[in-house]
Amino acid sequence: MTRLLFPLLLVAAAISVEAAESKTDVAQAIQGTPEIDGKIDDAWKKAPAVHVNKPITDLLAIDPKEIATAAVQFMYDDEHLYALWIVKDSALSADSSDDWAQDSVELVLDKNHQGSTFYEDEDAQYRVNFEGKLSGQGAGYDAGDLKAATVKTDIGYIVEMAIRIDNTELKTGAKLGLELQVNDDHDSGSRDAIAKWHHTEDDSWEDTSNFGTLELK
Ligand code: BGC
Ligand code: CA
């Protein structure tokens, strides 16, 4: 009995490790059209969350236990991708003159899912700071495509984003390349930490080859 049970346990352990790993590779968006007001509509309750909590070790200036992190959920309709970010950040700052060094969230999209090592025409970086200031970069970034609402909370802030997408069909089964990032100015007036969802280097703004996948359900 024990002789049989042991290999079975090993197989079960291997399967559960694989399931845990694949969770950080794939995020899912459900159909829906939320109001972009920073309030959490009921529709969000059905959208699965992914966690943006892996520090970029090379750039870490504070205790990893103190870095800003986020849980993110997604919805989509014919024209937009929506993301709801619940950010945990104990000290909010927009002191830096660089948008990417202020307390902010970033969603980067490889809309044709090519995984290129440079930004193709449709690849774009969308950023929103905790005060609702919008910014972005990349060949596919058009400021008119991004809308957001932010609300401060006891634990940090909420960002609700709408990204207009007109060069990729948003339909069930479609897959896009995705990375998520939280920038954290803890107390220095510059960036003290970056937390990411998938890849743990600061390269997502120029290289889409290490993105995870967003599946439209
Ligand atoms: C990166 C910065 C980079 C900026 C460019 C951010 O996501 O973390 O290092 O300079 O994007 O837009
Ligand atoms: Ca902060």
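A brief report on the enclosed structure follows. Computed from a predicted model, the values in this text were never measured in an experiment. (Residues numbered from 1 in each chain as written. Chains lettered and ligands numbered in written order. Predicted model: local features only at pLDDT ≥ 70, side-chain atom pairs only at ≥ 80, totals over all residues. Heavy atoms only, no water.)

1. Some words on the overall build of the protein chain
So, point 1. Along the protein chain, the regular secondary structure elements total one helix and 13 strands.
So, point 2. In the protein chain, the succession of helices and strands from N to C terminus is α-β-β-β-β-β-β-β-β-β-β-β-β-β.
So, point 3. Sorting the 217 residues of the protein chain into buried and exposed places 48% on the buried side.
So, point 4. Pairs at least 24 apart in sequence give 62% of the contacts found in the protein chain among residues at least 6 apart.
So, point 5. When the accessible surface of the protein chain is split by element, carbon and sulfur atoms take 51% of a total near 10,800 Å². (Helix = DSSP H or I, 4+ residues; strand = E, 2+ residues; numbered from the N terminus. Buried < 20%, exposed > 50% of the residue type's maximum accessible area, 1.4 Å probe, protein only. Contact = heavy atoms within 4.5 Å. Areas by Shrake-Rupley, 256 points an atom, 1.4 Å probe, with all protein chains shown as cover.)

2. Observations regarding the site of ligand 1
So, point 1. Close contacts around ligand 1 come from W100, E106, Q125, R127, Q137, Q181, R191, I194, D202 and W205, and that covers them all.
So, point 2. Here an oxygen atom of ligand 1 sits 3.2 Å away from a polar atom, N or O, in the side chain of R127.
So, point 3. Considering ligand 1 on its own, with 310 Å² of exposed area, one finds that the protein chains cover 88% of that surface.
So, point 4. Within the shell around ligand 1, the residues separate by chemical class into three nonpolar, three polar and four charged. (Near = heavy atom within 4 Å. Polar contact = N/O pair within 3.5 Å; in protein donor to acceptor, adjacent residues only side chain to side chain. Nonpolar A, V, L, I, M, F, W, Y, C, P; charged D, E, K, R; others polar.)

3. Remarks on the coordination of the calcium ion (ligand 2)
So, point 1. In the first shell of the calcium ion (ligand 2), the protein supplies D89 (OD), D89 (OD), A91 (O), D103 (OD), D103 (OD), D184 (OD) and D185 (O), at 2.3 to 2.7 Å from the metal.
So, point 2. Owing to a relative accessible area of 4%, D89 belongs among the buried residues under this scheme. (Donors = N, O, S within 2.8 Å, 3.2 Å for Na, K, Ca; no water.)

4. Overview of the pairing of strand β7 (residues 123-129)
So, point 1. Of all seven residues in β7, seven are buried; the element is thus mostly enclosed.
So, point 2. Burial along β7 is two-sided: D123, Q125, R127 and N129 and A124, Y126 and V128, pointing in opposite directions, are all buried.
So, point 3. Of the strand pairs in this sheet, strand β6 (residues 104-110) and β7 are connected by seven bridges, and their pairing is antiparallel. For V108, the partnering residue across the bridge sits in β7 and is Q125.
So, point 4. Note that β7 and strand β8 (residues 134-137) share four bridges and pair antiparallel. Residue pairing across strands places R127 opposite S135, the latter belonging to β8.
So, point 5. Linking β7 back to β8 in an antiparallel pair, the connection comprises four residues, with G132 at a positive phi of about 90 degrees. (Pairing = 2+ DSSP bridges.)

5. Digging into the side chain of H80
So, point 1. Here H80 shows up in strand β5 (residues 80-88).
So, point 2. Engagement of the side chain of H80 in a polar contact is seen with the side chain of Y82, the distance being 3.4 Å.
So, point 3. Aside from chain neighbours lying at most four places away, what touches H80 is M75, A162, I163, R164 and L170.

6. Thoughts on the nonpolar core
So, point 1. In this structure, F74, W85, L107, M161, L180 and V182 are the most contacted members of the largest nonpolar core, which totals 40 residues.
So, point 2. The contact partners of L107, leaving out residues within four places of it in the chain, are F74, A83, W85, A124, Q125, Y126, M161, I163, L178, E179 and L180.
So, point 3. The next biggest cluster of nonpolar side chains, apart from the first, holds eight residues, and it includes I30, A47, I158 and A162. (Core = buried A, V, L, I, M, F, W, Y, C linked by side-chain atoms within 4.5 Å.)

7. Here's the deal with the pairing of strand β13 (residues 212-216)
So, point 1. With five of five residues buried, β13 lies mostly within the body of the structure.
So, point 2. Burial of β13 is two-sided: the residues G212, L214 and L216 facing one way and the residues T213 and E215 facing the other way are all buried.
So, point 3. Here strand β1 (residues 26-31) runs beside β13; their pairing, made up of four bridges, is parallel. The residue of β13 that forms the bridge with V26 is T213.
So, point 4. With four bridges connecting them, strand β11 (residues 175-184) and β13 associate as antiparallel partners. Looking across to β13, one finds that L176 is bridged to L214.

8. Concerning the environment of G144
So, point 1. As for its placement among the helices and strands, G144 is situated in the loop between β8 and β9 (146-152).
So, point 2. Between the C-alpha atoms of G144 and I163, which are 19 residues apart in sequence, the distance is 9.0 Å.

In short, geometric facts, not functional conclusions.
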